[in-house]
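Here are the chains, one letter per residue:
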There are 2 protein chains.
Amino acid sequence: MRPREFNHDDVLRIAFDQFWRKGVRGTSLSDIARDAGVQRGSLYNAFGSKEALFLLAYERYAGDYLGAVQTALGTGTLRKRLTAFFDLTITNFRSGTPPRGCPTTRGLMELGSAQGEGLDEDARRAFADLVTRITTLVEDALSAGAKRGEFSGASGAAALHIITVTRGLAVLERAFGDEAQLRKIAAHTIDLVLGATKR
Amino acid sequence: MRPREFNHDDVLRIAFDQFWRKGVRGTSLSDIARDAGVQRGSLYNAFGSKEALFLLAYERYAGDYLGAVQTALGTGTLRKRLTAFFDLTITNFRSGTPPRGCPTTRGLMELGSAQGEGLDEDARRAFADLVTRITTLVEDALSAGAKRGEFSGASGAAALHIITVTRGLAVLERAFGDEAQLRKIAAHTIDLVLGATKR
DNA sequence: ATTAGTTTTCGACACGCTGTCAAGAAACCA
DNA sequence: TGGTTTCTTGACAGCGTGTCGAAAACTAAT
C-alpha cells in the first residue's frame with residue numbers, strides 16, 4: 001500500500017492550533033490543509049470529517065492539559081496547590097497572541113444545539129469528560145488537604161465550586177481580556193474556600 | 001416611499017429565538033426569513049448583515065433580562081435577593097425545550113477571534129456590557145446588605161465572584177445539563193459569600 | 001522485471017450559507 | 001397622472017463542507 005505523504009501527529013498539532021485560535025466553526029479544512037501542506041481531500045480521507053479531526057486533536061490537548069493539572073495540584077500546601085492550579089488555568093487561557101482562551105469552554109458553548117446532532121454529542125462528551133476529570137483531581141487535593149487539617153468542608157462541593165469558577169474565568173477572559181482581574185478572582189476564590197475552614 | 005411589509009420587532013423576536021436555540025453561527029438568515037415569512041434579501045436590506053440583526057435582537061433581550069435581574073435583586077433579605085438572582089439565572093439557562101443555555105456566554109465564546117474582526121468586536125462589547133451591568137446590580141445589592149449588617153466584606157470582589165460563578169454555571173449547564181447540580185452550586189456559593197461575614 | 005492490488009492523492013462536483021446587485025413592484029407626493 | 005423613493009425579488013459570486021471517481025504511487029507477488 002502507498003504510504004501517507006504526511007504525518008498524522010503533525011497535522012493534529014497544526015489543526016488544534018487553528019481550532020484553538022479561531023474556534024471549530026471558525027476554521028476551515030482548507031486553512032488546515034494549507035498550513036499543513038496537504039490537500040484538503042487527503043484530510044477527509046484520513047480523518048473522515050472536520051469534527052472527527054477536531055476530536056482527535058482535542059484528545060491530544062486534553063491529555064497534555066490533564067497531566068499539567070495533575071502536576072500543579074501535586075506538591076506543597078493545599079493553598080499552594082490551588083494557587084498553582086488557578087495559575088495554570090489562567091496562564092493557559094492567556095497563552096498565544098492574541099490570547100486563545102479556553103478551548104474546552106469555547107467548544108462547549110460553540111457546539112451544543114446546532115443542527116448536526118451526531119458528532120456534536122461526541123464532542124460534548126469529550127469536553128465534559130475533561131471537566132469531570134479535573135474536578136476529580138481538585139477534589140482529591142481537597143480531600144488530602146482535609147486530612148492534613150488544611151481544609152474542613154465538603155470536598156465535593158468545594159471542588160465543584162472551584163471548577164465552576166474556572167469556567168467562569170474562561171468566560172470573563174473573553175469578555176474583558178483583563179488578566180489581572182482573573183487573578184484577583186482566583187485569589188479571592190481560594191480565600192473563600194479555605195477560609196470556610198476557620199468558620 | 002413604500003412601507004415595509006414586515007414588522008421589525010416581530011422579526012427581531014423570531015430571529016433571537018433562533019439565535020438562542022442554535023447559536024449565531026448555527027442559524028442562517030434563510031432560517032429566519034422562512035420563519036418570519038420574509039424574503040432573505042429583505043432582511044439584508046433592513047438590517048445590513050447577520051451580525052447587525054443579531055445585535056439588535058440581542059439588545060432587546062439584554063434589556064428585558066436586565067430588568068428581570070433588577071427585580072430579582074430588589075426585595076427581601078440579602079440572602080433572598082441573591083437566591084432570587086441565581087434562581088432567575090438558572091431558570092433562564094434552562095428555559096426552552098431543549099434548554100437553550102445562556103446566550104450571552106455562548107455568544108462570548110462563540111465569537112472572539114474568528115476572522116471577521118469588525119462586527120465581532122461590537123458583539124463582544126454588547127455581551128461584556130450586560131455582564132458589567134449585572135455585576136453592578138449585584139454589587140449594589142451587596143453594598144446595601146452590608147449597610148444592614150447582612151454582609152461584611154468587599155462588595156466589589158464578592159460581586160465579581162458571584163458573576164464569575166454564574167458564567168461558570170452557564171458552561172456547566174452545557175456540559176452536564178444537570179439543573180439540580182447547578183442549583184446546588186448556587187446555594188453553596190451564597191453560603192460561601194454570606195458565610196464570610198461571620199468569620 | 002513486470003504485473004496485480006491497494007491506498008493515497010487529486011480534481012470536479014453538489015449543496016448550503018453570506019452578501020451584493022440590478023431590475024421590478026408598490027406606495028406616496030406633487 | 002407621473003415621478004420619486006423605498007422595498008422586494010431573484011440571480012450571482014465566493015467560500016465552506018463533504019462526496020465521488022479517476023489518476024498516481026507504492027508494495028508485493030509472479
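Residues numbered from 1 in each chain as written. Chains lettered and ligands numbered in written order. Predicted model: local features only at pLDDT ≥ 70, side-chain atom pairs only at ≥ 80, totals over all residues. Heavy atoms only, no water.

Draft legend 1. Molecular detail of the overall build of chain A. Along its length, chain A carries nine helices and zero strands. Secondary structure of chain A in N-to-C order comes out as α-α-α-α-α-α-α-α-α. Dimensions of chain A, computed from the C-alpha atoms along their principal axes, are close to 65 × 35 × 30 Å. Nonlocal contacts in chain A, meaning residues at least 24 apart in sequence, comprise 69% of its contacts between residues at least 6 apart. Just so you have it, chain A exposes about 8,800 Å², and 51% of that area is on carbon and sulfur atoms. (Helix = DSSP H or I, 4+ residues; strand = E, 2+ residues; numbered from the N terminus. Contact = heavy atoms within 4.5 Å. Areas by Shrake-Rupley, 256 points an atom, 1.4 Å probe, with all protein chains shown as cover.)

Draft legend 2. Looking closely at the pattern of salt bridges. All chains considered together, the criterion is met by 34 salt bridges over all chains. Of the charged contacts, one joins R148 of chain A and E150 of chain A as a salt bridge, the two residues approaching to 2.4 Å between their closest N and O atoms. Overall, the relative accessible area of 46% leaves R148 of chain A in the partly exposed class. A relative accessible area of 24% places E150 of chain A in the partly exposed class. Across the salt bridge formed by E173 of chain B and R174 of chain B, the nearest N and O atoms sit 2.7 Å from each other. The exposure class of E173 of chain B is buried, given its relative accessible area of 4%. A relative accessible area of 12% means that R174 of chain B is categorised as buried. Taken together, the salt bridges that share partners define one network made up of D87, R94, E173, R174, E179 and R183 of chain A. (Salt bridge = Lys/Arg side-chain N within 4 Å of Asp/Glu carboxyl O. Buried < 20%, exposed > 50% of the residue type's maximum accessible area, 1.4 Å probe, protein only.)

Draft legend 3. Seen up close, the side chain of K22 of chain A. Residue and element names in this part refer to chain A. Inspection of the secondary structure puts K22 in helix α1 (residues 8-22). Its relative accessible area of 16% is what places K22 among the buried residues. Separated by 2.9 Å, the side chains of K22 and D31 make a polar contact. (Polar contact = N/O pair within 3.5 Å; in protein donor to acceptor, adjacent residues only side chain to side chain.)

Draft legend 4. Broad picture of the UniProt feature "domain: HTH tetR-type" (unreviewed entry) in chain A. Residues annotated by UniProt as "domain: HTH tetR-type" (unreviewed entry) correspond here to residues 5-65 of chain A. Each end of residues 5-65 of chain A is marked by a C-alpha atom, and these two atoms are 29 Å apart; helix forms 77% of the span and strand 0%. (UniProt positions renumbered as here; feature names shortened; annotations may be inferred.)

Draft legend 5. Up close: the interface of chain B and chain A. At the junction of the two partners, chain B supplies 43 residues and chain A supplies 43 residues. Roughly 3,700 Å² of surface becomes buried between chain B and chain A when both sides are summed, with 69% attributable to carbon and sulfur atoms. Considering only the side of chain B, the residues that lose the most area to chain A are M109, T164 and R174 of chain B, jointly responsible for 18% of the buried surface there. Our enumeration of links across chain B and chain A arrives at zero salt bridges. Counting across the chain B and chain A interface gives four residue pairs in polar contact (both at pLDDT 80 or more). Broken down by element, the residue count for the side of chain B that touches chain A peaks at 15 residues, all from helix α8 (residues 155-176) of chain B. Residue composition of the side of chain B that touches chain A, grouped by class: 21 nonpolar, 12 polar and 10 charged. (Buried area = accessible area lost by both parts, 1.4 Å probe. Nonpolar A, V, L, I, M, F, W, Y, C, P; charged D, E, K, R; others polar.)

Draft legend 6. How the structure looks around the relation of the copies chain B and chain A. If you rotate chain B by 180° and push it 0.0 Å along the axis, it lands on chain A with an RMSD of 0.0 Å. Given the turn and translation reported, the copies of this chain are related as if by a two-fold rotation axis. In terms of proximity to the rotation axis, the leading residue of chain B is G168 of chain B, whose C-alpha is 1.9 Å off the axis. In this assembly, 100% of the residues forming the interface of chain B have copies in chain A that are likewise at the interface, indicating an isologous arrangement. (Least-squares fit on C-alpha atoms with pLDDT ≥ 70 in both.)

Draft legend 7. Geometry of helix α2 (residues 29-36) of chain B. Residue and element names in this part refer to chain B. Restricting attention to buried positions, one finds in α2 the residues L29, D31, I32 and A33. On its buried face, α2 is in contact with α1 (8-22), α3 (40-47) and α4 (50-72). Remark: G37 follows α2 within two positions and exhibits a positive phi of approximately 70°.

Draft legend 8. Layout of the side chain of R100 of chain A. All names here are of chain A. Tracing the backbone through its elements, the reader meets R100 in the loop between α5 (78-93) and α6 (103-110). A distance of 2.5 Å separates polar atoms of two side chains, one belonging to R100 and the other to S95. Those residues in contact with R100 that sit more than four places away from it in its chain are D17, W20, R21, F93, S95, R106 and R174.

Draft legend 9. Focus on the packing of aromatic side chains. Enumeration over the complete set of coordinates arrives at 24 aromatic pairs over all chains. Judged by centre distance (6.5 Å) and plane angle (25°), the rings of F16 of chain A and F54 of chain A are stacked. Residue F16 of chain A is found in helix α1, and its partner F54 of chain A is found in helix α4 (residues 50-72); the two are separated by 38 residues along the sequence. Here F54 of chain A falls in the buried class, since its relative accessible area comes to 4%. Following the ring pairs from residue to residue traces out a cluster consisting of F16, F19, W20, F54, Y58, Y61, Y65 and F127 of chain A. Directly above the ring of W20 of chain B sits R100 of chain B, whose terminal nitrogen or CZ lies 3.6 Å from the centroid. (Phe/Tyr/Trp six-rings, centres within 6.5 Å; stacked < 30°, edge-to-face > 60°. Lys NZ or Arg CZ within 6 Å of the ring centre and 35° of its normal.)

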